[in-house]
Protein chains: 2
Amino acid sequence: MGKEFLKIKDPEDAQKIIAELPINKKVEKVPLDEAYKRVLAEDIYASINLPPFRRAAMDGYALQSKDTFHASEDEPVTLKNIGGVTAGQIPGGEVITGTCMEVSTGAPIPEGADAVVMIEYTEKKGENVLIFEGVALNANITNEGSDIMEGGLLLSQGALITSDKIGVLSAIGLEEVAVYTQPRVAVISTGNEIIKHHQSLEYGKIYDINSYTISNAVKSCGCIPIHSDIVKDDYDSLKSSIEKYKDADIIITSGGTSAGTGDNLRTVLDELGEVLIHGIAVKPGKPTIIGLIEDDGEEKIIFGLPGYPVSALMIFRVFITPFLRKIASLPDFEEERKLATLKISRRYISARGRRQYLLVKIKNNEAHPILKDSGAITSLAEADGYILIPKNVEIIEEGSEVDVYSLEIGL
Amino acid sequence: MGKEFLKIKDPEDAQKIIAELPINKKVEKVPLDEAYKRVLAEDIYASINLPPFRRAAMDGYALQSKDTFHASEDEPVTLKNIGGVTAGQIPGGEVITGTCMEVSTGAPIPEGADAVVMIEYTEKKGENVLIFEGVALNANITNEGSDIMEGGLLLSQGALITSDKIGVLSAIGLEEVAVYTQPRVAVISTGNEIIKHHQSLEYGKIYDINSYTISNAVKSCGCIPIHSDIVKDDYDSLKSSIEKYKDADIIITSGGTSAGTGDNLRTVLDELGEVLIHGIAVKPGKPTIIGLIEDDGEEKIIFGLPGYPVSALMIFRVFITPFLRKIASLPDFEEERKLATLKISRRYISARGRRQYLLVKIKNNEAHPILKDSGAITSLAEADGYILIPKNVEIIEEGSEVDVYSLEIGL
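As a convention, each chain's residues are numbered from 1 in the sequence order in which they are written. Going through the entries in the order they are written, you letter the chains from A and number the ligands from 1. In view of the model being predicted, local features appear only for residues whose pLDDT reaches at least 70, and side-chain atom pairs are presented and counted only at 80 or more, with totals across whole chains, interfaces and linings using the full set of residues.

**Let's talk about the sheet that holds strand β16 (residues 224-231) of chain B**
Paired through their backbone hydrogen bonds, the strands of a sheet run either parallel or antiparallel. Residues and elements named next belong to chain B. Pairing between strands is defined by DSSP: at least two bridges between the two strands are required. Counting from the N terminus, the helices are DSSP H or I runs at least four residues long and the strands are E runs at least two residues long. What the 6 strands build is an open sheet, ordered β16-β13-β17-β21-β20-β18; its pairing is mixed. Edge positions in the sheet fall to β16 and β18 (273-278), since each of these pairs with one other strand and no more. Geometrically, the sheet is characterised by an average inter-axis angle of 20° between neighbouring strands, direction not taken into account. As paired strands, strand β13 (residues 184-190) and strand β17 (residues 250-254) are joined by 5 bridges and run parallel to one another. Its bridge partner lying in β17, Val187 is registered against Ile252. Contacting β13, β16 and β17, helix α3 (residues 210-219) crosses the sheet at an angle of about 165° to β13. Axis lines are fitted through C-alpha atoms, for helices just across the contact stretch, and the angle between N-to-C directions can take any value from 0 to 180 degrees. Each residue is represented by a C-beta atom placed from its backbone, and any two residues with such atoms within 7 Å are regarded as in contact.

Below, the structure is given as structure tokens:
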């Protein structure tokens, strides 16, 4: 494919292109212990009745309700106590008219009984029990299958397995469950100046930042980061690294997207596949690249982030987070997690003709713009969130209300 | 200690007692790769200048700014190009008056140069470069230490290590970091009727639910669950299980808190330590127990949840989640994560004299109360969140606005 002219995209158009990128979902079985925060890939039907047997909903006496019709505070009914059954036991007899059996909450109801009178309305008298209240048929009894009958739909495909939903799966004794496979995302930091943390910091070098920030941001999207080596910013190194990680579901690079670095990613993608976006009208992060390459007939998506840490993370947050959460099948997607609506602490002049994402610190119930360039690490240290300044807004006056969004959605 | 009469507590009083429970924080070092979503236990100071050297903020030419004072679109200045330096390289010469050196973003600024003119305002002409714009001293140069100087405070103790903060730690090449140890929480399901998932479901038995729901809810609070065996609901079993898990930071049991089950937890706690709360005026979950036991001079907290799954999870959510997040040192605690304010779909009559937590399903932009008892698993399947009905409110009329809160805060 030849290198074509690609017009810089408005963010809305970029988001539309990203939303239409190909998705390839896979399914795997995991033990219930490992299913937390995964997404159901199957409908779950009750394999048993719930509850599985007729049980007492209260502590008290199981009896025949008709025996209690005339019972009252003043004139209790006397029934013969034929024994007791607690939760987990099997009743040791049958309740017939004139008799009762002590039951604790969760115990099976003995044969013959059709109601439970609460312990508060009874009194033990030797072998007998006084009943001070009349009860209706089925009072304080939970019938077998009354919660759900065998075969009923318990949870639908697509449900996020939170701690409450895992309770539903455990109620039917499930040992493993089909969930969507977490997409594997290769994270590649490019740059001749970038070194690993165990290396000594020679003149002109800087420690790797983006593979740490992006790998962890990938986790918060329900995906699995594959932390790659650091790659030199030349055509051959980048190309062979991309080919090495082609078995990942997504590849995210950072650095090497601007003109001065030789535009290597663009060149590699033009050769191996197709560039869909080169440049988005936002600040920071304008020189973002999005492309597709083919691997064994399957299309793989490549996101090329700018090299500056703030730009890389902000583009990830705004453009890639929604997409990764979608391919991870996460439901009820919160596109923006709003932290607060606050007054801005000072007048701010925005980038002309570009939508701007501005990091802010929340202090004294105000949003304080962080006025540092995208290469500044301390802006990440200070930031509590970001605000969005539309393309057509050039000045935000001091005291204007702004919505502050979280840098991370979290799972 | 003798068994004393304990008055049922109002939820506000219970929350106050819980907030004052003893906390014992520990610290450990973890590799940066494993630091995500942990909490800093130390202040982090810059161990190097950031950036570590004077570098180009733009692609362009490094030069002496005074040489460009007269440069303009019409009358460019001509400088001799003495070479180039890209990011990660060491400049191969010194810039003197009348000369310039090509630099890419992130490259070290050569000796002698005091500004960078952007590539857009230049034109190569053989060995020379035409400069079409005057630049001021330090233009497009990021000075060594301009982001932060060695010794400056980067991040404070107590910061949650999100993906942006991990970028800050990686910028100084940190290989490991001191974080608060995640509290270990033993989760014990008690009940003679409860069986494990691989066991066959005999008459009168039910599958274990609470240890799954509570263990995973514990994870969402930044703590590590220790999934225990299922324990029989008798004094000896419960006592020996609690003694077995005394090395955990917290013990959470479920079941065995109501009168009919023999009140075993209460009896064990009275013997091993102290019962602080027995009964909270809420629905569901009234028979909740909170106590302390001593282990090697250290006080260990025991939460006794009711046995019904909905009651257990709701009490965990409302009373235990804030405490676990606090002992896990999680900052900026969101006590309640509000999902939405919605109209209630029908008239609802609440429990008299008790605060009620009512599960709701969100459908058609309305909150639909789930009208099932706390033993019903399907209420967990259907629930999207819960609403809180104050003690003094008995009736909520159809169409009233209610705040719906999430069952899980998430990390």
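After that view, the rundown keeps rolling.
**Quick word on the sheet that holds strand β6 (residues 99-103) of chain A**
Residues and elements named next belong to chain A. In spatial order, the strands read β7-β4-β6-β5-β9-β8; together these 6 strands make up an open sheet with mixed pairing. Both edges of this open sheet fall to β7 (115-118) and β8 (122-125), since each of them pairs with a single strand only. Taken over all neighbouring pairs, the strand axes of this sheet differ in orientation by 40° on average, direction set aside. Of the strand pairs in this sheet, strand β5 (residues 77-85) and strand β9 (residues 128-131) are connected by 4 bridges, and their pairing is antiparallel. Counterpart to Lys80 in the pairing with β9 is Asn128.

**What about helix α2 (residues 163-171) of chain A?**
Residues and elements named next belong to chain A. Across the 9 residues of α2, 9 count as buried, placing the element largely inside the fold. To assign burial, the other C-beta atoms lying within 10 Å of each residue's own C-beta are counted, with C-beta atoms placed from the backbone; 20 or more indicates buried, 12 or fewer indicates exposed, and intermediate counts indicate partly exposed. Within the sequence span of α2, burial applies to Ser163, Asp164, Lys165, Ile166, Gly167, Val168, Leu169, Ser170 and Ala171. Once α2 finishes, Gly173 follows within two positions and takes phi at roughly 70°, a positive value.

**A look at the domain arrangement of chain A**
When its domains are assigned, chain A resolves into domain 1 (11-26 + 181-327), domain 2 (37-50 + 146-180), domain 3 (55-142) and domain 4 (338-405). Domain start and stop points were drawn from an automatic or database domain assignment. Each of domain 1 of chain A and domain 2 of chain A was reduced to a C-alpha centroid, and the two centroids are 36 Å apart.

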